[in-house]
Amino acid sequence: MNAFSKQNLQNIRSIFEQQTGVDLRPVKRRYLPVKMAVIMTAVLICGFTMTAFTFHLFSSLAGDDLSLCATYQGDGIVSITVENQSDKMLKFQPQLKLMRWSTGEEVQPVSDEITFTGTEFNPHSSGVMTIDLSQAYDVAQLEQPIEGDNYYFVLTNNDFLFGQDWMCTVYFSEPAAIEMEYPEDIVSVETDTELSEQIAEQLKPYFGRYIHDPDEYRQLAKEYYAKCSELLAQVDGNIVPAVSPLDFAVDIPIGQLPIFDDTVPEDAQHGLIVENRFSLDGYNLPVGASMEETALVIGATVPQHQGETDGGTPVQLVYLFTYETDAIQSPGDYAFVHGRLLTFEQMEPYKVYEDAQYTCYDMTGLFYTDLHEYVGTILSERSDVYLDEQVWKRIENIYAYYRDPEVLKNNFIYLSRSD
């Protein structure tokens, strides 16, 4: 079993040094005078105390996730729809940085008089935070159209520390250079006859559309899971649930990644890939029979503006389901995937990894059959993405690479052990 390589550790160290300014290179050992040693001990104790304190805060480094969507109301007022997708309370600090996309430089305020309202969001909830910039910036200047460029906020819940700051695009004028290109006659994937026929009859009403409103898809998910419970209670056989081991992932060293997008630097190709575990698919429909069942999803980032080479909006592409190997007692045991009840014998062709602890299957084919229709349908519902031929090529390349069974088979790792 592979472990983190020296390259992985070097990449982590480089990111830490860039974000904190701390040089982690080894230095020749020197012995401190007793007085200085006491001072340094006090500093270290304080540092560990602060680390313990911030560990409990909402942080992307701890796997906490959110979504942000800004709407300019005029007169310097911006409303930001916030969805807290984690188990922790999210409390934004009343401070921000206003940045330009093209230069990455901060727009300097004329005063510190920025007013925030609605800054706290409970776990798994959504709401609106309002920001008044009218006294802090030249609003008339912000509202001037800027061709091929725009602004974004950097928001934080802990003094802009790494893992506790988030970017959010904001348009003070109508976007001038975003051209949306999608396949014609985009339809929901569930109109695919072959896939629709495989869905359990009592669950079909839940498929066939993209659910936008968080409150609506939470309510529908609750109903869906109740229907699944009724359905599975009637099954005569062993039903094996998908599991969500956080230490089990696909990890490919940066130097071994192919070029997904030749407009992006080679050492930044890894930034085009996203990997996480989700209980909902790209249409906000459940992937399993309960909220605890998730898929390990590999996706691609889609830029928000023409020419961007880092960050962007993630789109889910590859759906991997993980099961405890010893829970599968026979090929006739069942798994429930995206509205379908399948035996492990039926899933055998989709197996991409197996060891004594976990067995993993690539079940992407049960989520969509046409990549362009699927991605196009999802992105057509957003106004914060830029999609052209080059970005399509990026998506296609990432999809093709991670659908290769050999790529997956050879790159699963356990993050917490070295064997």
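It should be noted that the structure appears before, not after, this text.
Residues numbered from 1 in each chain as written. Predicted model: local features only at pLDDT ≥ 70, side-chain atom pairs only at ≥ 80, totals over all residues. Heavy atoms only, no water.

**What to know about the sheet that holds strand 5 (residues 115-117)**
Moving on, step 1. Spatial strand order, 1-2-7-5: 4 strands in an open sheet with antiparallel pairing. Edge positions in the sheet fall to strand 1 (66-74) and strand 5, since each of these pairs with one other strand and no more. Taken over all neighbouring pairs, the strand axes of this sheet differ in orientation by 20 degrees on average, direction set aside.
Moving on, step 2. As judged from the 8 bridges shared by strand 2 (residues 77-84) and strand 7 (residues 125-132), these two strands associate in the antiparallel manner. Looking at the pairing, Glu-83 lines up with Ser-126 of strand 7. (Pairing = 2+ DSSP bridges. Helix = DSSP H or I, 4+ residues; strand = E, 2+ residues; numbered from the N terminus. Axes fitted to C-alpha atoms, helices over the stretch in contact; angles between N-to-C directions.)

**What about unusual backbone geometry?**
Moving on, step 1. Positive phi is not limited to glycine here, since Asp-75 has a value of about 55 degrees.
Moving on, step 2. Assignment of secondary structure puts Asp-75 in the loop between strand 1 and strand 2.
Moving on, step 3. Phi at Phe-160 is positive, roughly 65 degrees, even though this residue is not glycine.
Moving on, step 4. Positionally, Phe-160 belongs in the loop between strand 8 (151-156) and strand 9 (165-170).

**Topic: helix 5 (residues 214-233)**
Moving on, step 1. With 20 residues, helix 5 extends 29 Å from end C-alpha to end C-alpha; this agrees with the ideal 28 Å at 1.5 Å per step.
Moving on, step 2. Among all positions of helix 5, only Pro-214, Tyr-217, Leu-220, Ala-221, Tyr-224, Tyr-225, Cys-228, Leu-231 and Leu-232 are buried. Angularly, the buried residues of helix 5 cover 145 degrees about the axis, an arc narrow enough to put them on a single face. Within helix 5, the exposed residues directed more than 90 degrees away from the buried face are Asp-215, Lys-222 and Ala-233.
Moving on, step 3. Those residues of helix 5 that are buried lie in contact with strand 2, strand 7, strand 14 (334-337) and strand 15 (340-343). (Expected span 1.5 Å × (residues − 1). Buried < 20%, exposed > 50% of the residue type's maximum accessible area, 1.4 Å probe, protein only. Arc of directions from axis to C-beta. Contact = heavy atoms within 4.5 Å.)

**A short note on the sheet that holds strand 4 (residues 96-100)**
Moving on, step 1. Strand order in the open sheet made by the 3 strands is 4-8-9, with antiparallel pairing throughout. A strand with exactly one partner marks an edge of an open sheet, and here the two such strands are strand 4 and strand 9. Shown here is a sheet whose adjacent strand axes are inclined to one another by a mean of 25 degrees, direction ignored.

**Comments concerning the pattern of salt bridges**
Moving on, step 1. This model, assessed by the stated rule, comprises 8 salt bridges.
Moving on, step 2. For Asp-215, the salt bridge identified is with Arg-218, shortest N-O distance 3.5 Å. Taken together, the residues span about one helical turn, with Asp-215 and Arg-218 both in helix 5 at a distance of 3 residues.
Moving on, step 3. Overall, Asp-215 belongs to the exposed group, its relative accessible area being 52%.
Moving on, step 4. When its relative accessible area of 28% is taken as the criterion, Arg-218 is described as partly exposed. (Salt bridge = Lys/Arg side-chain N within 4 Å of Asp/Glu carboxyl O.)

**Some words on the nonpolar core**
Moving on, step 1. Leu-317, Phe-321, Tyr-323, Ile-395, Tyr-402 and Phe-412 are the most contacted members of the largest nonpolar core, which totals 78 residues.
Moving on, step 2. At 8 residues, helix 5 tops the list of elements feeding residues into this core. (Core = buried A, V, L, I, M, F, W, Y, C linked by side-chain atoms within 4.5 Å.)

**Overview of the side chain of Ser-79**
Moving on, step 1. As for its position among the elements, Ser-79 is in strand 2.
Moving on, step 2. The exposure class of Ser-79 is buried, given its relative accessible area of 13%.
Moving on, step 3. Within polar-contact distance, the side chain of Ser-79 engages the side chain of Gln-73 at 2.7 Å.
Moving on, step 4. Setting aside chain neighbours within four positions, we find Ser-79 in contact with Cys-69, Ala-70, Thr-71, Gln-73, Val-128, Met-129 and Thr-130. (Polar contact = N/O pair within 3.5 Å; in protein donor to acceptor, adjacent residues only side chain to side chain.)

**Concerning the pairing of strand 1**
Moving on, step 1. In terms of strand pairing, strand 1 meets strand 2 through 8 bridges, oriented antiparallel. The residue of strand 2 that forms the bridge with Cys-69 is Thr-81.
Moving on, step 2. Hairpin connection between strand 1 and strand 2: a loop of 2 residues separates the two successive antiparallel strands, and Asp-75 in this loop has a positive phi of roughly 55 degrees.

**Looking at helix 8 (residues 389-402)**
Note on helix geometry: an α-helix contains 3.6 residues per turn, so any two residues three or four positions apart are oriented the same way.
Moving on, step 1. Taking 1.5 Å as the rise per residue, helix 8 with 14 residues should run 20 Å; its terminal C-alpha atoms sit 20 Å apart, in good agreement.
Moving on, step 2. Buried residues of helix 8: Val-391, Trp-392, Arg-394, Ile-395, Ile-398, Tyr-401 and Tyr-402, and no others.
Moving on, step 3. Where helix 8 starts, the residue carrying a side-chain oxygen 3.1 Å from the main-chain nitrogen of Gln-390 turns out to be Asp-388.

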